Every structure is written in structure tokens, then in C-alpha cells.
Amino acid sequence: DWTVREAMRTRPFWGLVWIFFFTSIGMFTIMVQTVAYLVEQGFSPIVAATAFGFGSMLSVVGVIGTGTIADRIGPRRIVSLTFAGSITGVLMLLLISWYPVQGLLAAFVFSFGLCQGARGPIVSSISTRLFAGSHVAAIYGVIYATNALGAGLGAFMAGLLHDVYASYRPSFVFSVCALFIAGLPFWRVPELR
């Protein structure tokens, strides 16, 4: 029967914290700036807002789908695919800075949208399995709180990098790095493999 303090002494706990923290940094670096960036690249505000909305709607499919697939093939494989999908979406945004075309926008919406939020149910299920007992909700609450910290930091960094460099490109590089780093515990922490 795990307590929060006992869970905090384990590598899997900190691996899950790491995953949530860096994932939300990478995702929120992009999400809060998407519409402004697309308008800056020449898309109309309605197209930019619609793209953002469709991406958010696709996240519902991604969340349900990845949870279902993880039950069949295991969490590490599907999580690795979702990180690759998120990174691909960010790279599509980067390409839009040189080639602002509808096809790249559609590729961004599809790949980033499907993977938006997709890691949440998997991290939740792993946390529940590893730290089962009467304190499982408190343990997951502490892990999930790092998601909010990462989201705040990601949103802040997106604005800061844009202000410093007068471009969104550094934010995209920062996001890709954060998303890559976020997936490492699934390959480095034995209990998460």
C-alpha cells in the first residue's frame, strides 16, 4: 500500500513525472501560439482557428485510440509512436515557415492533433498499476501536477523565444527537444518498459 512519500523514492515515479513535465512543455510551447503563428504565416484567422479546433477534436480520437492500442501492444510502442507523431506535427509547422501551404497545415493538424493528450491515459494506467493502493489518487495527483507546471513553462517559453528571436522557429526546436526528452523514461526506466 504505497504512500506518496514512498512512491517519491522510486525511479518509476520520477520517470512518470519526467514524462508529464517534458511532454506538456513540448506540447504547450506549440498549442498556445498555433493560431497566431498560422496567421503570421499568411493563413486567414478563420483557417488558423479551424485548424486549431480540428486538431483539438482529433485529440479525442487519439486519447481513446492510444489507450486501446496500448492494451494490445504495450505502452512503450504506442507512446513512442505518439511522440514521433507530435514531433512530426511540430516539424510540419516549421516547414510552414518556408512553405505556407494547405497540405502542410493538414499534416500538422492530423499528426499533432491525434497525439495531443495521447500519453495521459497511458501514464495514468501505469501509475495506477505501479502504485496501487489506498493512496493511488494522491500519487497520481502529484504526478499530474507536473503536467500543469510544464504547461506553464512551455507557454512562457513560446512567448519568450518569440520575443527574443522575432520568430517561432526557436520555439519549434525547443518543443521538439522537450518532446524527445519526454519519451526517454519509457526506454531508460526498467519498470516503464
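In this report, the structure presented in the accompanying data block is examined. (Residues numbered from 1 in each chain as written. Predicted model: local features only at pLDDT ≥ 70, side-chain atom pairs only at ≥ 80, totals over all residues. Heavy atoms only, no water.)

## Let's talk about the environment of Thr34
Right, on to step 1. Relative to the elements of secondary structure, Thr34 occurs in helix H3 (residues 34–40).
Right, on to step 2. Classification of Thr34 as buried rests on a relative accessible area of 3%.
Right, on to step 3. In sequence terms Thr34 and Ala48 are 14 residues apart; their C-alpha atoms lie 7.7 Å from each other. (Helix = DSSP H or I, 4+ residues; strand = E, 2+ residues; numbered from the N terminus. Buried < 20%, exposed > 50% of the residue type's maximum accessible area, 1.4 Å probe, protein only.)

## Quick look at the packing of helix H4 (residues 45–73) against helix H6 (residues 102–115)
Right, on to step 1. Here H4 crosses H6 at 35°, and the two axes come no closer than 7 Å. Here the hand of the crossing between H4 and H6 comes out right-handed. In this structure, H4 uses Val47, Ala51, Phe54, Gly55, Leu58, Ser59, Val61 and Gly62 to contact H6, whose residues at the interface are Gln102, Leu105, Val109, Phe110, Gly113 and Leu114.
Right, on to step 2. Here the contact of H4 with H6 is built from residues that sort into 9 nonpolar, 5 polar and no charged. (Axes fitted to C-alpha atoms, helices over the stretch in contact; angles between N-to-C directions. Left-handed = near helix turned anticlockwise from the far one by under 90°. Contact = heavy atoms within 4.5 Å. Nonpolar A, V, L, I, M, F, W, Y, C, P; charged D, E, K, R; others polar.)

## Structural notes on the side chain of Thr82
Right, on to step 1. Along the chain, Thr82 turns up in helix H5 (residues 75–96).
Right, on to step 2. Classification of Thr82 as buried rests on a relative accessible area of 4%.
Right, on to step 3. Excluding its chain neighbours within four sequence positions, the residues that come into contact with Thr82 are Thr66, Cys115, Ala118 and Arg119.

## Section: unusual backbone geometry
Right, on to step 1. Even without a glycine there, the phi angle at Ala166 is positive, about 50°.
Right, on to step 2. Tracing the sequence through the fold places Ala166 in the loop between helix H8 (136–165) and helix H9 (169–182).
Right, on to step 3. Using a relative accessible area of 63% as the deciding quantity, one classes Ala166 as exposed.

## Description of the packing of helix H2 (residues 11–31) against H8
Right, on to step 1. Contact pair H2 / H8: the axes reach a minimum separation of 7 Å and the direction vectors enclose 30°. Of the possible angle classes, the one that applies to H2 and H8 is roughly parallel. Read as a crossing pair, H2 and H8 show a hand that is right-handed.
Right, on to step 2. When its residues are assigned to classes, the contact of H2 with H8 shows 17 nonpolar, 6 polar and no charged. (Parallel < 35°, antiparallel > 145°, perpendicular 65-115°, else oblique.)

## With respect to H4
Every α-helical turn comprises 3.6 residues, leaving residues that sit three or four positions apart pointing alike.
Right, on to step 1. In a regular helix each residue adds 1.5 Å, so 29 residues correspond to 42 Å; H4 covers 40 Å between its end C-alpha atoms and thus fits that length.
Right, on to step 2. Those residues of H4 lying buried are Ala48, Ala51, Gly55, Ser59, Gly62, Thr66, Gly67 and Ala70.
Right, on to step 3. In the core, the buried residues of H4 are packed alongside H3, H5, H6 and helix H7 (119–130).
Right, on to step 4. Gly74 occupies a position one or two residues after H4 and carries a positive phi of about 95°. (Expected span 1.5 Å × (residues − 1).)

The analysis is restricted to geometry; functional conclusions fall outside its scope.
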